[in-house]
Amino acid sequence: MARGDLTDAAFEAWLTESDAAAAPGTSFFDTQLGFAVRRWCPPLLDLEPHAPPRRYLDRRRELGAAEANRRLLGATGIGAYVVDTGLPGDLTTPQELAAAGGGVPCHEIVRLESLTEGLADRADGTAAFLDALDRAVADAARTAVGFKSLAAYRHGLDLPPERPRPAEVRVAADRWLVTRAPGERLTDPVLLRHLLWSAAGTGLPLQIHTGFGDPDLRLRRSDPLLLTDFVRAVRPTGCTVVLLHCYPYHRGAAYLAAVFPHVYADVGLTLAHTGARAGAVLAEMLELTPFGKLLFSTDAYGLAELYVVGAELFRRALVGLVTEWVREGAWPAGDAERVAALIAADNARRVYGLKTADGHPDTTR
Amino acid sequence: MARGDLTDAAFEAWLTESDAAAAPGTSFFDTQLGFAVRRWCPPLLDLEPHAPPRRYLDRRRELGAAEANRRLLGATGIGAYVVDTGLPGDLTTPQELAAAGGGVPCHEIVRLESLTEGLADRADGTAAFLDALDRAVADAARTAVGFKSLAAYRHGLDLPPERPRPAEVRVAADRWLVTRAPGERLTDPVLLRHLLWSAAGTGLPLQIHTGFGDPDLRLRRSDPLLLTDFVRAVRPTGCTVVLLHCYPYHRGAAYLAAVFPHVYADVGLTLAHTGARAGAVLAEMLELTPFGKLLFSTDAYGLAELYVVGAELFRRALVGLVTEWVREGAWPAGDAERVAALIAADNARRVYGLKTADGHPDTTR
Amino acid sequence: MARGDLTDAAFEAWLTESDAAAAPGTSFFDTQLGFAVRRWCPPLLDLEPHAPPRRYLDRRRELGAAEANRRLLGATGIGAYVVDTGLPGDLTTPQELAAAGGGVPCHEIVRLESLTEGLADRADGTAAFLDALDRAVADAARTAVGFKSLAAYRHGLDLPPERPRPAEVRVAADRWLVTRAPGERLTDPVLLRHLLWSAAGTGLPLQIHTGFGDPDLRLRRSDPLLLTDFVRAVRPTGCTVVLLHCYPYHRGAAYLAAVFPHVYADVGLTLAHTGARAGAVLAEMLELTPFGKLLFSTDAYGLAELYVVGAELFRRALVGLVTEWVREGAWPAGDAERVAALIAADNARRVYGLKTADGHPDTTR
């Protein structure tokens, strides 16, 4: 989460994946996400549901960020956080997030590209850099619960599937280190593949961003089906692949989860951004995805509000669907409850190897 | 609209995007569009809803085209027409359409390829042709409210995004003018890009056909996401891009409208052709599209019936969705009404710079 | 159908398109298909709906495969089978299937690749092989009601559309016969195209696998829209093209069926695998597909249970949709019944030239 109080413009900027101000005559509050925030968050700050943006922002500032965040996070029902720590900006640490969330456990996902860029900023030659990268991945694997790749943003998922040969990696790293300005992002396809395969070798789950996001990516090149050959190639390593977000290619992701035992799908930021349509979209993910293969997450960052709406929309969407399917007689009531618990928390606990303190099926980020 | 009375075959041909007669044993009336026409049009000609095609066609002929068109258009509730005037065939002028529609305002969209082909038919050398094209675009910009590109039909949207250099344009124009038979359609990708960029330079909105249409196009090459790099490249010009139709790639179009301030989506012919499913499809468009970024249109042409069903299906779909979302508590009632007015008319008025005579939120084509 | 009794593992393997055991901690019964089997099949074996997998498998074994299959197939309401006979494994013949199904008529679809591989196994030179292939296709056309292509599995549908020249075919056949191990599958794109065109020349309908299936295929390369240019090229031959399955690209298949008179879409395995969502998916197919162009099938094989759920889910999905559309006033009641009969059986009878013994609109495979 962003630290401290936010200006109106900063708040609205966190409400969108766009990199620009809203078009003239429009507002990012006039979106499914904006309407969902207005539905679920004002009551947590003592306002009525659907309070206008102006009143909500004033009240948020009046309470102060710390109190507002405490109230918002406290209401999510999230029982454990699994947090990508590679995001830029002045954000809370996982520890601070866990504290603000009422002391629930917090686990780390290491963003491969951020890790690599940090090492490149202080690299002393290609060989040393690649050694340091190997060690850093191995070190991260001892404390983190998974890795995450942003290859979709940095190149597109249309990458050659196989592990790059060491000589290729050396040449690519050489070129990158020589030409790179400090802080410059990693976009080299050979190095991006090297990261995917390095993570796969650790035995930890590998999250891959797929589907929509900010305008940096080309959506067609983020189709999870572009990973099909990588998924096949990496299968013998035992690596678990978690496809994040997936929208609007979530049916393709569901197919991969259905036919490859080591592939999982995660709703990611999809439900928060589709708001009143979250149930309809979740239903599409539940066409082919085996029920033991779908994971809940919020992809929230920046605003505590995004945790609230991510969790609330997911919970209502899932309950709505299984209630309806039980009512129609298509699903048995007992199994429906079990499947809901799988998707809400148990699948994530199994995939990431999380321990439950008390064994109760809390919702995991 | 087509002038005069229509044979049965001509009427049925306007009911489909196909270029052939219906397959043996089938009828174009047996489609969602056909059922929608039968639902909404017969009562306007004094028949019961769902009257069989035979009775409807007989009654239409009995009344005569002029009277039938007057009755049909008069019932659409459309408050202003924005009409592409580049279609072939013996069609009414915008002025005749406006008169038949009860005297509502009518605005013109200039179809770039038709304009160019007309100039090519009477061109006297490449330099003169390109000058004339420049002037024609500038002239059109003084009276029209926007331009429209059919690049999807003529090549596919998989075009290089950047503005072609003047020398490239000259070479392409040279080649085209030399080899072209009179009336031949423009398919050269350099010239198609030149048209897009020429229109972008005028400051008027640029409509681009995306998604389905008649069998002339290759649907995969009409995915609006193929325009992503063009959308980025054209952004500094201030050009507003309106993605028409979009189906079945409407979620991708919605993404572009969500992340790029200068991109809008338009439902186009999608709702008329999906009939009983119009609400479901509109709901998908309303997942990511910001509410200030979605426009209504009918894409009607040929038959007055298409204006009726385009408007009727849109209105019922939109009212159905927002009513449901308000009922579920997901949307606030006041905002729902405001958003419905945005999509039905206000967004189009803002984008095309239309004036409201009396300020009431009539539906725009 | 598989012959004889099945182990638990074998049963579960037929429940998925995956080629592997379910992931640790998951079960293929925990899918929409698994839940649908548990909903519809246990009552046919004297158990309550939704009986747990363990009880169901025990009861199935207790009854024996022959009795279980007889009960299951007897309950499908299928009035005629149209069966692909090119599947590997110890499966029942069409005659045995028809007998187990209570003596309904059974028709054959010839799988082009299997036919070809069988001839290659005993080929004596390229010229003789190609002659034998021509004869085999012509012979099959005398008894079968259609052909089926698996080009999606063997190469992808991104094939050059035009008929390969005889010299190309000879060269490709030469190379294939020389390098091929006995039993090896056909993947050569020239020969795959030769098969498509050979079948097209017979005048029988040509089924093409599109959309999802087992992990052998690359789903992006199974998009039916990749066939657009083939569909155009083959049009003058009068060949009818039936696009099978189509999911998740069924809206693209619907578009092809809408604009090309010789193209049809078939729900295939889509409804069985999407279970509680079958109605939603069928509704999407019914957006653009003309009602005379959509065919029902189950794609069932291996388990009699798949015929039951394929037929049951289709019937309930279709009845659910048309009932709703009639209730909303969008569809006329009389036509709704007629359209349901078209999709359930009449379209298939017309396309495959099947005779009805008694003229009643039974469901066709």
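Before reading on, note that the structure itself is shown above.
These figures come from a predicted structure and were not determined experimentally.

### Some words on the overall build of chain A
Item 1. Counting its secondary structure elements, chain A contains 16 helices and eight strands.
Item 2. Relative to its length of 365 residues, chain A is compact, with a C-alpha radius of gyration of 21 Å against a globular reference of 21 Å.
Item 3. Overall, the C-alpha framework of chain A stretches about 60 × 50 × 45 Å when taken along its three principal axes.
Item 4. In chain A, the share of contacts with a sequence separation of at least 24, taken over all contacts with a separation of at least 6, comes to 72%.
Item 5. In the form shown here, chain A has an accessible surface area of approximately 12,700 Å², with 53% of it arising from carbon and sulfur atoms.

### Here we look at the interface of chain B and chain A
Item 1. On the side of chain A, 38 residues touch chain B, which itself brings 37 residues to the contact.
Item 2. Summed over both sides, the interface of chain B with chain A buries roughly 2,900 Å², with 54% coming from carbon and sulfur.
Item 3. When the area that chain B buries against chain A is broken down by residue, the three leading residues are Arg251, Tyr255 and Glu287 of chain B, summing to 21%.
Item 4. Counting every contact that joins chain B to chain A gives seven salt bridges.
Item 5. Between Asp223 of chain B and Arg220 of chain A there is a salt bridge, and its shortest N-O distance comes to 3.0 Å.
Item 6. Where chain B touches chain A, the interface holds 21 residue pairs in polar contact (both at pLDDT 80 or more).
Item 7. When contributions to the side of chain B that touches chain A are tallied by element, the ones reaching two or more residues are α11 (228-234), α12 (250-259), α14 (278-288) and α16 (333-352) of chain B.
Item 8. Looking at which element gives the most residues to the side of chain B that touches chain A, the answer is α14 of chain B, with six residues.
Item 9. A per-class count over the side of chain B that touches chain A returns 20 nonpolar, four polar and 13 charged.

### Structural notes on the relation of the copies chain A and chain C
Item 1. Between chain A and chain C, the superposition needs a rotation of 120° and an axial shift of 0.0 Å, giving an RMSD of 0.0 Å. The superposition operator between the copies reduces to a three-fold rotation axis. Ranked by how close their C-alpha atoms come to the rotation axis, the residues of chain A are headed by Ala280 of chain A, at 5.6 Å.

### Re the pattern of salt bridges
Opposite charge on two side chains permits pairing when their charged atoms draw close.
Residues and elements named next belong to chain A.
Item 1. Considering all chains together, one arrives at 102 salt bridges over all chains under this definition.
Item 2. Across the pair Glu67 and Arg71 runs a salt bridge, and its minimum N-O distance is 2.8 Å. On the criterion of helical spacing, the pair formed by Glu67 and Arg71 is a turn pair, its members being four residues apart in helix α4 (residues 65-74).
Item 3. Residue Arg71 is classed as partly exposed on the basis of its relative accessible area of 23%.

What counts, and where the lines are drawn
Residues numbered from 1 in each chain as written. Chains lettered and ligands numbered in written order. Predicted model: local features only at pLDDT ≥ 70, side-chain atom pairs only at ≥ 80, totals over all residues. Heavy atoms only, no water. Helix = DSSP H or I, 4+ residues; strand = E, 2+ residues; numbered from the N terminus. Rg over C-alpha atoms; globule rule 2.2 N^0.38 Å. Contact = heavy atoms within 4.5 Å. Areas by Shrake-Rupley, 256 points an atom, 1.4 Å probe, with all protein chains shown as cover. Buried area = accessible area lost by both parts, 1.4 Å probe. Salt bridge = Lys/Arg side-chain N within 4 Å of Asp/Glu carboxyl O. Polar contact = N/O pair within 3.5 Å; in protein donor to acceptor, adjacent residues only side chain to side chain. Nonpolar A, V, L, I, M, F, W, Y, C, P; charged D, E, K, R; others polar. Least-squares fit on C-alpha atoms with pLDDT ≥ 70 in both. Buried < 20%, exposed > 50% of the residue type's maximum accessible area, 1.4 Å probe, protein only.

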